[in-house]
Amino acid sequence: MKKALILSLALFSMLAMNAQQITVSGIVTDEVGTPLPGVNVVIKGTTKGSISDFDGNFSIDAESDAVLLLSSLGYANKEILIGGRTNITVTLPEAAEMLTETIVIGSRSKGRTKLETTAPVDVISIKEQAINMPQMDLAQMLVASAPSFSAFRSQGGDLSSAVDPPTLRGLAPNQMLVLVNGKRRHTSALLAGSQTGSAANATDMSFIVPDAIDRVEILRDGASAQYGSDAIAGVMNVVLKKGTGEFTGNFTVGGFPNSAPDLSGTDVSVENQALLKDTEPDGINYQLAGNYGVSFEEGGYLNLTGLYRQAEATVRPNISNATPYGDAYLNNERTDAQGNIIITNPELVAAQASGNTALADELRTDAGLSDARGLTAKDFSSYAGTAASNLGVVAYNLAFPINEDIQFYSFGDFGYKYTAGYSCFYRRAAQADRANFDLFPNGFRPQIASTQTNIAFTGGIDGTLGDFNFDFSNTFGRNKMNYDMFNTFNASLQSASPTTMDLGTHSFYQNTTNFDVSKYFDDVLLGLNVAIGVELRVENYQIEAGQPESYAIGDAGIYTATTDNEALLGPDGFPLEDLNSEPIVNADGSPVVLPYGEASTNINKFYSPNCQCFRGFAPENEANEFRSVTAAYLDAELDVTEKWLLTGAVRTENYSDFGDVFTGKIATRYSILDNFALRGSLSTGFRAPSLQELNYSHTFTFFVGLDPFDGTLYPNTSSAARAIGIEALKQEQSTNLSIGFTTRLFNKIDLTVDAYKIDIKDRIFETDNFDASEAPALAPIIGSGLASFRINGGDISTKGVEIVANYREKVGEGMLGLTLSGVFRENTFEGASVPDLNTVLSDEELETKYVNRSSIGQFETGTPNTTFIGSGTYTWGKWSGMLRGSYFGEVTSLSNNFITLSDGSEGYPDQTFSAQFVTDIGVTHNFTDKLALTVGGNNIFNKYPDILRSEQRGFYLYSNYQQGSNGAYYFARLTFGF
């Protein structure tokens, strides 16, 4: 009995010792002994894990008999039994195929690598690439990594500077769906101009923090049947980090030297070239980010990320040489509505009083008065450039087990962003209808600012119930934007106007509930996975009016008679004058007479109403609209043989405002050889107009040359739309065909080549502006203003070939990685679908108004149809580096205006901009396993795009649809951890 008890105690002690919690430290290297940073180390059967540091070291608390799973992009996965050891050295061999990490997007079956999918998928490891990249925000990182992806950064167009709209395959921003951890991400409240021919709402990716991201998967294929509306061009899925046990952070500082290019040989005057060369560094930015994860004893993790970024504006002006003051201003001939003289040139009065005739003559010129006030033509120019901004975001990713089969998960973020952009023409003092000497004696440059709050939250449970996998979740997202103008005023209020105004608020929220179930049948051929799911989505879009002064029509220029039969005479006894200093008289030259005192009025000065540059949103612009969408899908993937994969999906959706829709997709992949496979897909797609497209309306000021015009974009439900015959918006529908191949060459180079063609019916555009002479039915509604509308303008198509090649090899004492990717694309506008409208225009004139040349050109050739990105990385000991070259093909812009050109001929001032090549670099040195320094730059050779031809140079000096117009950018980044 005693022996049995002793034996039992010994066995119990051994078991206890085998199961005890220990701290395991280790180092991970490649086959030549080079430490590997960023390796995922996870305890098998749990979500608890760690990540190796710069020197390949890791530490993790685990049971003494646990198994560790190690994985890293480009290396084979490995399992290691701890076996009671507290110190382990692990060697990861190079993977048999590059980028073997399994992907989530495009499949609801078992994980597949990007070479095994039926459609092309880009996998971009943000956590590995970010350290050497000069780009700090996610959208620009992806632009530098995936040639089919773009995110246009405005150089100053009204609200467009608030969001960089992401696009895929040259289609609209709202034709690409963005997911986070596989869940639908909400879009911005903003309906902003895009580089693809029409305004669109888009996901604001600045609120998705790179430091919270493990990788990004971009499915370059139509996927509406799999994921729902908006997936016409493809789907982007952001996979968040799960790592625990280590804090990592970084501090980045960078800026632009702002060294203007050589403009000699251009039509920019020598004087203006000198002014443009007079620059100093700008756009200085700072970013601090940190990430930390904790694990729970019962399993699970909480990964937290915080980011703060502050960026100054860049300024890239265009000098127009327009007269800043004008004769009436220079000679003190301006009067108020009562005929009193306004002294606009006190310097002239002083010179005349002192008897200095020569100085007085000089002060009667624009150049003389500007010089006296210490101003140059540059001070009166319109500014372009990147907006100043402040951004703060907190994000999290959480999961923990409820029991052995089910886990709870949640992730989300909260962000704040303030943006102050250059968005408006300079309002010169010479523009009497938009000027006020008391507030802005030299004119003013209005600027627009936006303040955003953004929240995203997902919570759900997933796991297994018997033989079934399930996922039940709810995702809520909201974006709220408040707009302000500063350095502005309402001219019709004159000196009573505020110079900073609240223009109004837009908000958009989206709540999506999903329930998905799948089951894998291993006895159907070589395996069949069937997934079904349902979705309920509710959306709301609101516009709230701004302060009254931002949209008011004031009475500053109106004169009211004080007596009956009062003649409009000034204090000098002469007729009162209008804004052009012309006398207000009858046809016979006699003064105008107002018959009734205290009642009769006359508009002596027609001052422009509304907030200058961007009218505030008025009560008639307000909206509060809801939509609900219900959907169900069926998705199946069948491994017919070891070589043949067949997939298909069908989806039905019901929109509360658009009715029912049915979409489908079929795709296949067949391995002809061990290292060569063909793949292809055919799908249909659907995109309902967004609530923003349906309900946004606004009055704005735009310029033709230097002449201002006020126009209104009306919703399709408005009286203006009904009067002219504009129809209600309907859905866009698409057909997507893709075919390609994947191969491995020499067992070292992974190559994918995919061709595609997408046809889209009833693409949404905006019309050109109609005036009352073209559409008399609009006269009672718009008066002397202009009206435009959103319409299903016509059919479009895009086709192209995409190439991606990866190579990884040990070279010398380090590891070399090479990537070459490119796209050849052709966008085509198939023709306008013009209904019968209530206008007096000919059919040809109406067609050019319905979808104008500029919009067509922007879609077809306004962005590069050829893009190549070649990058190389090299890691050696404590050093790593990245060198990237990006090629942007030619861009052609088309104009709407048939004018007299600079050479005296008549025509459209169209322009083709030459191809551009820019170079990025980043070099990192790891001082210790917790501290590294990176230095480098973007566009390091300071390449600027072509300047615009003189006829198109009203606002901008440079084209902006290739690498942008900021020039070189240099940075330093300190990365640290503990």
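Fair warning: this is a prediction, and the values are worked out from it, not measured in the lab.

What the protein contains, in helices and strands, is 14 helices and 46 strands. Its C-alpha atoms give the protein a radius of gyration of 32 Å, near enough to 30 Å, the size a compact globule of 978 residues would have. Taking the principal axes of the C-alpha coordinates as reference, the protein spans close to 130 × 60 × 60 Å. Here the protein holds 978 residues, and the buried ones make up 56% of them. Summarising the internal contacts of the protein: among those between residues at least 6 apart in sequence, 71% fall at separations of at least 24. Seen as two clouds, the 66 positive and the 112 negative side-chain charges of the protein have centres 10 Å apart.

With 18 bridges joining them, strand β36 (residues 786-811) and strand β37 (residues 814-832) adopt antiparallel strand pairing. In the strand pairing of β37, T798 is matched with N827. Bridge analysis of β37 against strand β38 (residues 866-876) gives ten bridges, and the strand direction is antiparallel. The partner of L816 across the bridge, within β38, is Y874.

Spatially, three strands are ordered β4-β1-β7 in an open sheet, and the strand pairing comes out mixed. Each edge of the open sheet carries a strand with a single partner, namely β4 (57-63) and β7 (87-91). When the angles between neighbouring strand axes are averaged without regard to direction, this sheet yields 30°. Note: strand β1 (residues 21-29) against β4, seven bridges, orientation antiparallel. Residue pairing across strands places G26 opposite F58, the latter belonging to β4.

Now for the packing of aromatic side chains. Evaluated as defined, the whole model comprises 26 aromatic pairs. Geometrically, the ring pair formed by F256 and Y969 is tilted, given 5.1 Å between the ring centres and 50° between the ring planes. Within this pair, whereas F256 is found in strand β15 (residues 247-256), its partner Y969 is found in strand β46 (residues 969-977), the two being separated by 713 residues in sequence. The burial state of F256 is the same as that of Y969; both residues are buried. Here a set of aromatic residues connected by ring pairs shows up, and it is made of Y325, Y329, F380, Y426 and F437. Its guanidinium or amino end placed over the ring of F468, K519 lies 5.9 Å from that ring's centre, counting from NZ or CZ. In this structure, R763 packs its charged tip against the face of F765, placed 4.8 Å from the ring centre.

Note: most peptide bonds trans; most residues except glycine with negative phi. At N321, a residue that is not glycine, the phi angle is positive and equals roughly 70°. Among the structural elements, N321 can be located in the loop between β17 (301-311) and α6 (327-330). Despite not being glycine, N610 has its phi angle at roughly 75°, a positive value. Structurally, N610 is set in the loop between β27 (601-603) and β28 (623-639). Residue class for N610 comes out buried when judged on its relative accessible area of 9%.

It is worth spelling out a negative patch on the surface at this point. A contiguous patch of negative charge on the surface is contributed by D836, D843, E844, E845 and E847. Examined against the element boundaries, E844 turns out to sit in helix α13 (residues 843-850).

This part takes up helix α5 (residues 270-277). Along α5, the residues classified as buried are N272, Q273, L275 and L276. Viewed end-on, α5 has its buried residues packed into an arc of 160°, placing them on one side of the element. Turned more than 90 degrees from where α5 packs its buried face, V270 and E271 sit exposed.

In this structure the tally under the stated criterion is one disulfide. With a sulfur-sulfur separation of 1.8 Å, C424 is cross-linked through a disulfide to C613. Residues C424 and C613 are joined by a disulfide whose S-S torsion is about -80°; by sign, that bridge is left-handed. Taken together, the positions of C424 in the loop between β19 (406-422) and β20 (447-465) and C613 in the loop between β27 and β28 put the pair 189 residues apart, joining distant regions of the chain. Among the residues examined, C424 registers a relative accessible area of 2% and is labelled buried. No disulfide involves C611; its sulfur sits 7.6 Å from the nearest other cysteine sulfur, which is in C613.

What counts, and at which threshold
- Residues numbered from 1 in each chain as written.
- Predicted model: local features only at pLDDT ≥ 70, side-chain atom pairs only at ≥ 80, totals over all residues.
- Heavy atoms only, no water.
- Helix = DSSP H or I, 4+ residues; strand = E, 2+ residues; numbered from the N terminus.
- Rg over C-alpha atoms; globule rule 2.2 N^0.38 Å.
- Buried < 20%, exposed > 50% of the residue type's maximum accessible area, 1.4 Å probe, protein only.
- Contact = heavy atoms within 4.5 Å.
- Lys, Arg positive; Asp, Glu negative; His and termini not counted.
- Charge placed at Lys NZ, Arg CZ, Asp CG, Glu CD.
- Pairing = 2+ DSSP bridges.
- Axes fitted to C-alpha atoms, helices over the stretch in contact; angles between N-to-C directions.
- Phe/Tyr/Trp six-rings, centres within 6.5 Å; stacked < 30°, edge-to-face > 60°.
- Lys NZ or Arg CZ within 6 Å of the ring centre and 35° of its normal.
- Patch = residues over 30% accessible without salt bridge, like charges linked within 9 Å, V, L, I, M, F, W, Y side chains within 5 Å.
- Areas by Shrake-Rupley, 256 points an atom, 1.4 Å probe, with all protein chains shown as cover.
- Salt bridge = Lys/Arg side-chain N within 4 Å of Asp/Glu carboxyl O.
- Arc of directions from axis to C-beta.
- Disulfide = S-S within 2.5 Å.

Coordinates in, geometry out; function isn't part of it.
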